[in-house]
Amino acid sequence: MKVLKFGGTSVGTVESLSNVKKIVEALPDGCVVVVSALGGITDRLIATARLAAAGDESYRAETEAIAHRHFDVIAGVVAEIRRKEVIERVGDLLQELRRIYDGVFLLREISARTLDVIVSFGERMSSAIVTAMIPGASLHDSMSFIKTEKWFDRNIADSSLTSALIRKDFSSMPGRVAIAPGFISTDRDSGEITNLGRGGSDFTAALISAALDAELLEIWTDVDGFMTADPRIIPDARIIPEMSFVESMELCSFGAKVIYPPTIYPVFHKNIPIKILNTFNAEAPGTLITDISEPDSECPVRGVSAIKEITLLSLKGDLTGNVPQINSRSFNALARKGVNVLLVSQPDSDNAFSFAVAGNDARKALEALEDEFAPELTSGALERIDSIDSLSTIAVVGEHLKAATRVGPRILNTLMRDGIDVKAFSTGVSETTATFVVEADMTSKALILIHNLFFPSPLPK
Ligand code: ADP
Ligand code: ASP
Ligand code: MG
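This is a predicted model, so every value here is computed, not measured.

(A) Highlighting the overall build of the protein chain. Of the regular secondary structure elements, the protein chain holds 15 helices and 18 strands. Relative to the 2.2 N^0.38 estimate, which gives 23 Å for 461 residues, the radius of gyration of the protein chain is 24 Å and therefore close to what a compact globule would have. With the principal axes as the frame, the protein chain shows a C-alpha extent of 75 × 60 × 45 Å. Looking at the protein chain as a whole, 51% of its 461 residues qualify as buried. Long-range contacts, defined as pairs at least 24 residues apart, comprise 75% of the intrachain contacts of the protein chain with a sequence gap of at least 6. Side chains of the protein chain carry 46 positive and 61 negative charges; the gap between the two charge centres is 3 Å.

In structure tokens:
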């Protein structure tokens, strides 16, 4: 059995939904189909909530525009015989949404909890539409089986409870095709509506694949496969025909938006391959992700990616000579505050030991380190902790990097030759990824230079 996930762009319009229908109907066996909200709807639901909270009455017109978009799609893709039923279902959901927006408008306030409820309507409506579009499909309620728990200020999946609930829910599949909304979930203790984070439908599909021991997870999107770089920045990025779980996990954790990073772990754990496919070009072979990383005889690099808006925290002073102590105390202090470390760079000639964290974690991270090292900052064993923001991390990924010679120095030379200042550099523990921290406004230039080093553009004819 396969699990197919269709992202927002794939379920955005009548045309793209018609492609989805063809792809699903052509499958010989049963399958589970996970769908995102109609393209752009999650952003719009949030923007409308902010209008209402700001007391801007145009939230009403915006809500009606959201309603029209859904009714237009229904008219375009759902057979007449099933239309009334789905119009009623989506109509009820929209009525509930209007009441919530009215409440936000009256109170001039929007909590994170209310926003989670509001964004859930996107996938609740799209999944009802896709179910009505595919004859014989049955709708499964992800909010009843995807469970989250609180972790600091985030909701994270409770994988074992979720897995047990998925197996129970799908033990009898009434139709050949089971549809499930992506992204949305509920808190395992309070039952409140939560979600898996922006882009989280991929993760829903992975949790279902792992729980049901699917043979394959197909991620259908709007590009022909996983590419050597973000095609919006590097138009001549190439499709990667095959790559390993580890390579895809590293590229996605370092910003390749094509798969939501937590997605890979549950399927990797069960050794379920992932395929990245294009809803708009279903014939294209796509990218196959498995546990095998075939070396490419010509190039040790599989791809490059970048995360913008990171902050570098640098500890300076004699104590940085004690690497194990700095490492363990910093990691523990940051973990206690729920801060994820993106990169660690070893002491350099200035005796600086640096950690890169997401820009929006920077304040929390600095406070955690200042608390942890308060005695050393007082005694002078640590001179100071600097925080430098507006940076980005460029990741160069390939499981065969470690066997290649001088990849790091070649990249450093290329960047420095073009006047790009590398603030920190690390090869990580696995040596699958080399990371470089540069000024955020140098991100595209650095990506282009590195990409061109390993994947030179063909000479013009
Ligand atoms: P979906 O709505 O299907 O979930 P996303 O927008 O989340 O789609 O992800 C697909 C997009 O990811 C592509 O349109 C592409 O612009 C972007 N992207 C970024 N990096 C890469 C990459 N390395 N390979 C392919 N696509 C990438
Ligand atoms: N609709 C959600 C979002 O836009 C989830 C997803 O598309 O995967 O983030
Ligand atoms: Mg996505």
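From this point on, the discussion continues.
(B) Region of the structure containing helix α2 (residues 41–53). Relative to the 18 Å expected for 13 residues at 1.5 Å per residue, α2 spans 18 Å between its end C-alpha atoms, a close match to the ideal helical length. Residues of α2 that are buried include every one of Ile41, Thr42, Leu45, Ile46, Thr48, Ala49, Ala52 and Ala53, and no others. Take α2 and look down its axis: the buried residues cluster within an arc of 160 degrees, on one side only. Of the residues trailing α2, glycine 55 is marked for its positive phi of about 80 degrees.

(C) Molecular detail of the site of ligand 1. Not every one of the 17 residues close to ligand 1 is listed here, only the nearest: Lys5, Thr221, Asp222, Met227 and Lys257. A distance of 2.9 Å is found between a nitrogen atom of ligand 1 and a backbone nitrogen or oxygen belonging to methionine 227. Here an oxygen atom of ligand 1 sits 3.0 Å away from a polar atom, N or O, in the side chain of lysine 257. Classifying every residue of the shell around ligand 1 gives seven nonpolar, five polar and five charged.

(D) Layout of the pairing of strand β5 (residues 154–157). Two strands pair when backbone bridges link them, and strand β4 (residues 147–151) and β5 are joined in this way by four bridges, in the antiparallel orientation. Its bridge partner lying in β5, tryptophan 151 is registered against arginine 154. The turn linking β4 back onto β5 is made up of two residues, and phenylalanine 152 within it adopts a positive phi angle of 55 degrees.

(E) Molecular detail of the packing of aromatic side chains. Evaluated as defined, the whole model comprises 10 aromatic pairs. Note on phenylalanine 145 and phenylalanine 170: the rings are 5.4 Å apart at their centroids and 65 degrees apart in plane angle, and the pair reads as edge-to-face. Placement of phenylalanine 145 in helix α6 (residues 142–145) and of phenylalanine 170 in the loop between α7 (159–169) and β6 (177–181) is noted, with a sequence separation of 25 residues between them. There is no split in this pair, since phenylalanine 145 and phenylalanine 170 are both buried. Ring centres of phenylalanine 353 and phenylalanine 355 lie 5.5 Å apart, and the angle between their planes is 45 degrees; on these two criteria the pair is classed as tilted.

(F) Spatial organisation of the site of ligand 2. Ligand 2 sits among Ser36, Ala37, Thr42, Glu123, Phe183, Arg198, Gly199, Gly200 and Ser201. In this structure, glycine 199 approaches ligand 2 through a main-chain N or O atom, which is 2.8 Å from an oxygen atom. Between serine 201 and ligand 2, the recorded distance is 3.0 Å, taken from a backbone N or O atom to an oxygen atom. Look at ligand 2: alone it shows 260 Å² of surface, and the protein chains cover 86% of it.

(G) Structural detail: helix α1 (residues 14–25). Compared with the 16 Å implied by 1.5 Å per residue over 12 residues, the 16 Å span of α1 between its first and last C-alpha is a close match. Along α1, the positions that sit buried rather than exposed are Ser16, Leu17, Val20, Ile23 and Val24. Down the axis of α1, the smallest arc covering the buried residues is 115 degrees, so these residues share one side. Relative to its buried face, α1 has exposed residues pointing more than 90 degrees away, namely Glu15 and Lys22. Packed against the buried residues of α1 are β1 (2–6), β2 (31–35), α3 (58–77), α5 (112–133), β6 and β9 (216–221).

About the cut-offs
Residues numbered from 1 in each chain as written. Chains lettered and ligands numbered in written order. Predicted model: local features only at pLDDT ≥ 70, side-chain atom pairs only at ≥ 80, totals over all residues. Heavy atoms only, no water. Helix = DSSP H or I, 4+ residues; strand = E, 2+ residues; numbered from the N terminus. Rg over C-alpha atoms; globule rule 2.2 N^0.38 Å. Buried < 20%, exposed > 50% of the residue type's maximum accessible area, 1.4 Å probe, protein only. Contact = heavy atoms within 4.5 Å. Lys, Arg positive; Asp, Glu negative; His and termini not counted. Charge placed at Lys NZ, Arg CZ, Asp CG, Glu CD. Expected span 1.5 Å × (residues − 1). Arc of directions from axis to C-beta. Near = heavy atom within 4 Å. Polar contact = N/O pair within 3.5 Å; in protein donor to acceptor, adjacent residues only side chain to side chain. Nonpolar A, V, L, I, M, F, W, Y, C, P; charged D, E, K, R; others polar. Pairing = 2+ DSSP bridges. Phe/Tyr/Trp six-rings, centres within 6.5 Å; stacked < 30°, edge-to-face > 60°. Areas by Shrake-Rupley, 256 points an atom, 1.4 Å probe, with all protein chains shown as cover.

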